[in-house]
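Structural description and commentary
Here's the letter readout for the chains.
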Amino acid sequence: MKKSLLLFALLATGVATAQQTTEDDNWKKEYRAFATKVNDLVHTKLDARFDYSKSYLNGKVWITLKPHFYATDSLTLDAKGMNINKVEMVKTGKNIPLKYSYDSSFLSIKLDKTYQKEERYVVYIDYTAKPNEYQSVGSAAITDAKGLYFINPKEEEKDKPTQIWTQGETEASSVWIPTIDKPNQKTTQEFNLTVPDKYVTLSNGKLTMQKKNTDGTRTDTWVMELPHSPYLFFMGVGDFAVVKDSYKGKEVNYYVEKPYEKVARKIFGYTPEMMKFFSEKVTGIDYPWVKYSQIVGRDYVSGAMENTTATLHQESAQQNARELVDGNSWESTIAHELFHQWFGDLVTAESWSNLTVNESFADYSQLLWLEHKYGADEAGFENFSEMQSYLGNPSSREKDLVRFYYADKEDMFDLVSYQKGGRILHMLRNYVGDDAFFKSLNRYLTNNKFGNGSAHKLRLAFEEVTGKDLNWFFNQWYFGSGHPKLEYSYGYDEKTQLAKLYVKQTQAGDKLFKLPIAVDVYNGSNKKRYLVWAENKADTFSFPSAAKPDLINPDADKVILAEKKDDKTLAEFIHQYNYAGKFLDRREALEYAGKRTSDPAAYALLENALNDPYFRIRMRAITNLGNAKLDETTIRKIETIAKNDDHRVARSVAIDALAKLKDQRFKDFFVSATKDSSYSVAGAALEALALLDGKMAYSIATQLSKEDNKGRLVTAITNVIVKNGDESAYDFVVGNFDKMPLTQAKFQALMSLADFLKKVNDGDKFKRGVDLIVKFRDDIPSTARPQTDPYINNMVLQGLISAKETAGAKDLAEYVKSKIQAKK
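Residues numbered from 1 in each chain as written. Predicted model: local features only at pLDDT ≥ 70, side-chain atom pairs only at ≥ 80, totals over all residues. Heavy atoms only, no water.

With that out of the way, let us pick up the overall build of the chain. Each helix and strand in the chain was counted, giving 26 helices and 29 strands. Its C-alpha radius of gyration of 29 Å places the chain within 12% of the 28 Å reference for a compact globule of 824 residues. Here the C-alpha coordinates of the chain stretch approximately 90 × 75 × 55 Å along the principal axes. Taken across its 824 residues, the chain has 58% of its residues classed as buried. Taking as baseline every contact in the chain between residues at least 6 positions apart, the subset at least 24 positions apart corresponds to 69%. A gap of 1 Å separates the mean positions of the 113 positive and 111 negative side-chain charges of the chain. (Helix = DSSP H or I, 4+ residues; strand = E, 2+ residues; numbered from the N terminus. Rg over C-alpha atoms; globule rule 2.2 N^0.38 Å. Buried < 20%, exposed > 50% of the residue type's maximum accessible area, 1.4 Å probe, protein only. Contact = heavy atoms within 4.5 Å. Lys, Arg positive; Asp, Glu negative; His and termini not counted. Charge placed at Lys NZ, Arg CZ, Asp CG, Glu CD.)

Residues spaced three or four apart along an α-helix point in a common direction, a consequence of the helix completing one turn every 3.6 residues. In this model, helix α10 (residues 455–466) (12 residues) spans 16 Å end to end at C-alpha, consistent with the 16 Å of a helix rising 1.5 Å per residue. For α10, the full list of buried residues reads Ala-455, Leu-458, Arg-459, Ala-461, Phe-462 and Glu-463. Just past α10, the residue Gly-467 takes up positive phi, approximately 75°. (Expected span 1.5 Å × (residues − 1).)

Ranked by internal contacts, the top residues of the largest apolar core, which has 94 residues, are Phe-670, Leu-686, Leu-757, Ile-773, Leu-797 and Leu-800. The leading source of residues in this core is helix α19 (residues 679–692), at nine residues. Once you skip the residues sitting within four places of it in the chain, Leu-800 turns out to touch Ala-754, Leu-757, Lys-758, Phe-766, Val-770, Ile-773 and Val-816. Counting residues in each nonpolar core, the second largest holds 90 residues, with Ile-285, Met-427, Ala-455 and Val-503 among its members. (Core = buried A, V, L, I, M, F, W, Y, C linked by side-chain atoms within 4.5 Å.)

Time to look at the packing of aromatic side chains. Scanning all chains against the criterion turns up 51 aromatic pairs. Seen from their ring centres, Trp-472 and Trp-533 are 5.4 Å apart, and the 70° between their planes marks the pair as edge-to-face. One end of the pair, Trp-472, is in helix α11 (residues 471–477); the other, Trp-533, is in strand β26 (residues 526–534), with 61 residues separating them in the sequence. For Trp-533, a relative accessible area of 27% corresponds to the partly exposed category. (Phe/Tyr/Trp six-rings, centres within 6.5 Å; stacked < 30°, edge-to-face > 60°.)

Note that strand β13 (residues 206–212) and strand β14 (residues 217–228) share six bridges and pair antiparallel. By the bridge assignment for β14, Met-209 is matched with Thr-221. Counting the residues in the hairpin turn of β13 and β14 gives four residues, including Gly-216, whose phi is positive at 85°. (Pairing = 2+ DSSP bridges.)

Enumeration over the complete set of coordinates arrives at 61 salt bridges. The salt bridge involving Lys-198 is made with Glu-155; its shortest N-O contact spans 3.3 Å. With Lys-198 in the loop between β11 (187–196) and β12 (200–203) and Glu-155 in the loop between β9 (148–151) and β10 (163–166), the pair connects residues that are 43 residues apart, well separated along the chain. Classification of Glu-155 by relative accessible area gives partly exposed; the value is 49%. We note a salt bridge from Lys-182 to Glu-171, for which the minimum N-O separation is 3.1 Å. (Salt bridge = Lys/Arg side-chain N within 4 Å of Asp/Glu carboxyl O.)

The next subject is the side chain of His-575. Inspection of the secondary structure puts His-575 in helix α12 (residues 570–580). With relative accessibility at 12%, the residue His-575 sits in the buried group. A polar contact of 2.8 Å, which involves the side chain of His-575, links it to the backbone oxygen of Gly-524. Once residues lying within four places of it in the same chain are set aside, the contact partners of His-575 are Tyr-522, Gly-524, Asp-550, Leu-551 and Ala-580. (Polar contact = N/O pair within 3.5 Å; in protein donor to acceptor, adjacent residues only side chain to side chain.)

For the chain, per-residue confidence averages 94 on the pLDDT scale, and residues scoring 70 or more make up 96% of the total. In the predicted structure, residues 11–22 sits below a pLDDT of 50 and forms 36 contacts with residues beyond four places in sequence or in another chain. (pLDDT = per-residue confidence, 0-100.)

Once that is clear, we can look at the sheet that holds strand β24 (residues 498–505). In space, the four strands of this open sheet follow the order β27-β24-β23-β29, with mixed pairing throughout. Every other strand in the sheet has two partners, leaving β27 (538–544) and β29 (563–566) as the edge strands with one partner each. Across the sheet, the mean angle from the axis of one strand to that of its neighbour is 20°, orientation sign disregarded. (Axes fitted to C-alpha atoms, helices over the stretch in contact; angles between N-to-C directions.)

As judged from the six bridges shared by strand β3 (residues 72–78) and strand β7 (residues 106–115), these two strands associate in the antiparallel manner. Across the sheet, Leu-75 pairs through a bridge with Ile-109, a residue of β7. As defined by bridge partners, strand β6 (residues 99–102) adjoins β7 across four bridges and the pair is classed as antiparallel. When the sheet's bridge partners are listed, Lys-99 is paired in β7 with Lys-110. In this structure, the hairpin formed by β6 and β7 is closed by a connection of three residues, where Ser-104 is found at a positive phi of approximately 75°.

Another aspect to go through is the side chain of Ser-173. Relative to the elements of secondary structure, Ser-173 occurs in the loop between β10 and β11. For Ser-173, a relative accessible area of 0% gives the class buried. One polar contact links the side chain of Ser-173 to the main-chain carbonyl oxygen of Pro-230, over a distance of 2.8 Å. If sequence neighbours within four positions are ignored, Ser-173 has contacts with Gly-168, Asp-181, Pro-230, Tyr-231 and Phe-233.

Below, the discussion takes up unusual backbone geometry. The omega torsion of the bond from Glu-169 to Thr-170 falls at 5°, within 30 degrees of zero and hence cis. Along the chain, Thr-170 falls in the loop between β10 and β11. One non-glycine residue, Lys-558, lies in the positive phi region at around 55°. Summarising the element assignment, Lys-558 is placed in the loop between β28 (551–554) and β29.

Our focus in this paragraph is the sheet that holds β9. Read from one edge of the open sheet, four strands run β9-β10-β15-β12, paired in antiparallel fashion. Each edge of the open sheet is held by one strand with a lone partner, namely β9 and β12. Each neighbouring strand pair of the sheet contributes to a mean axis angle of 15°, computed without reference to strand direction.

Attention now goes to the packing of helix α9 (residues 434–448) against α10. Across the interface, α9 lies against α10 with an axial gap of 8 Å and an inter-helix angle of 125°. Taken together, the axes of α9 and α10 are oblique relative to one another. When the axes of α9 and α10 are compared, the crossing they make is right-handed. Contact with α9, carried on its side by Ala-436, Phe-437, Lys-439, Ser-440, Leu-441, Arg-443, Tyr-444, Asn-447 and Asn-448, involves Lys-457, Leu-458, Ala-461, Phe-462, Glu-464, Val-465 and Thr-466 of α10 and no other residues of that element. By residue class, the composition of the contact of α9 with α10 is eight nonpolar, four polar and four charged. (Parallel < 35°, antiparallel > 145°, perpendicular 65-115°, else oblique. Left-handed = near helix turned anticlockwise from the far one by under 90°. Nonpolar A, V, L, I, M, F, W, Y, C, P; charged D, E, K, R; others polar.)

Rendered as structure tokens:
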């Protein structure tokens, strides 16, 4: 599961903080054990027909089970919000009705006899699922939990396709199919999906048969011969283009809306290479399932979901050719969900408390893929970015990675299970070494395949391979909370010829971390590495050196999960940039220099970094020169990046820097760049032009508004029109906001929309714009609402009230007030 982009962005920036789902502290006393197994699922056969007019599923399910160990004469199934029509025991020749009770959550069945261990039986249930009538609560990761979603089922929305898709995690499959909806259950399956013949279907496993029916429908049979957990069940139905690919003879398919058929391979085309990499280099286990398909669903309630053999992505995955010029924004998500096919699907967390063995691995797979495909710098950027996401959310510090106490299982889907867990795996890999790390992953997967895993089982696998006792590491990072706050300082004793590294742990409380620290000591380009262990509030480490070192570089591999204060000088940071070489080494040096641009040496470092081989460092150098008075040589270098850099996002950052100069000599370049194939470049150029010639920028923006633009260009067009235009641009500004999915970009667009609505005098149009803001506010998951509602109500909507009251449009001001009061 990849969280929704909006919530990840809000959490990362601190706008939203993780909230327990209740103010009641009783959850702190409730130990969250894995689900007790009275009966085991064996096989699930489903016949499903869909009532589009009511958004119902009419289902018949045959569930094969057996007692887990103890004999039993009863069965309890999860079945949420259904009509139960029949419950029968399947016997040779005929079915036998069974007694049952049902409370709209659990179906409790009295079996026809007492069944012994390994004695299988089959229960048949005829039912109707009514997902839209089921009251569900979502989370930061999954904004809704009704399991089965009918998108535009009556075809009432002109520009939206009709689709059906499911979202099972955490325990929502049981909204549309009776089952034992727990992650420590595994079952094979056969799903028979009867749909209008014009649609294609997707489910787990292999499509084994298609049968056309006389009523204009078709029944597709999907068979899953290997067991997996019920939350990974999937059904998808719609008018998709299916783009076919392959890996070692296995089907690899991409289901996209038809306008994206020609770019589907550009979006998903690395999938076979990822499968090969994860199979051969990372896990040592070839992709274990019969096929791998990916499908894009409209109005999806999360970022993406790793349903076994059938991953579901939100619509942001669909990017047109111009968006892809800036780079595939969905590539790491594709890797994340694919890696779940091993960590999450092949071996599944035994309980939500142990979610780390699913999500931390998927999070870390992003780094592994980027490192393999693009090199160490891109991996370093990924590690840094994910670490900052976690460190930027203070409430995360109080949570263990493995949590046996939580208010709701949905609370586990947070920055600790994802980003922090991924960084912990990075430290573990660094500590044991690559060979041992990947061999340990293989051992863990091999020992637990088609079963369940946990942090304890993971530790045992690593100990078995490495021969090292790792209780200290797992107790500290998996079963403990927080992270160290480190202060590094340095010294040199000329008499003893010893260089000194002083390490302080300054985090609050009494907890101290045991940290293996690699230390590189530099004299010129010569480097010697030492390994030390910091375990105390204050540690001093000494290293022989005939002269004062040019640089002492602790955490030389830049892996420690910590907040850090580093007492290096500018000269030492310059040496670090020139000789240490890792992404974070260079970035830290640029950050230090960026605060001292009046120092010629700092400025020279930043100017030199404009030639760095890694585009993100070039971009950082431009950003950190932002407050400096640029000389002509630097301006020419930035201009060269703006016009010629291989990475369009770097060009856009350079254009932003040139824009600040407000220099007319760049006007012609800005005008031509508004036609660039990159949305980032074109958008930056339009905003830059607006600073020089607002009238021309408005004219170009008006023309561009007639095209189907996306990304930064849409934002730039909107900003220019809002500033320079009038109510005539209503359809463009409001229409584009309406079409945006629930992402951070839409959140950022709120104020621009509000500024535009201040100019709108037509009452109906104004109210429609306000309604769109309110709908966006109310669609944000409840976990983020305590943080986002004050911003939207008190700044965005209140600003509209003030503007309309000033303009004398009291009726419109009252309308906005009613929307805030309705929320209260």
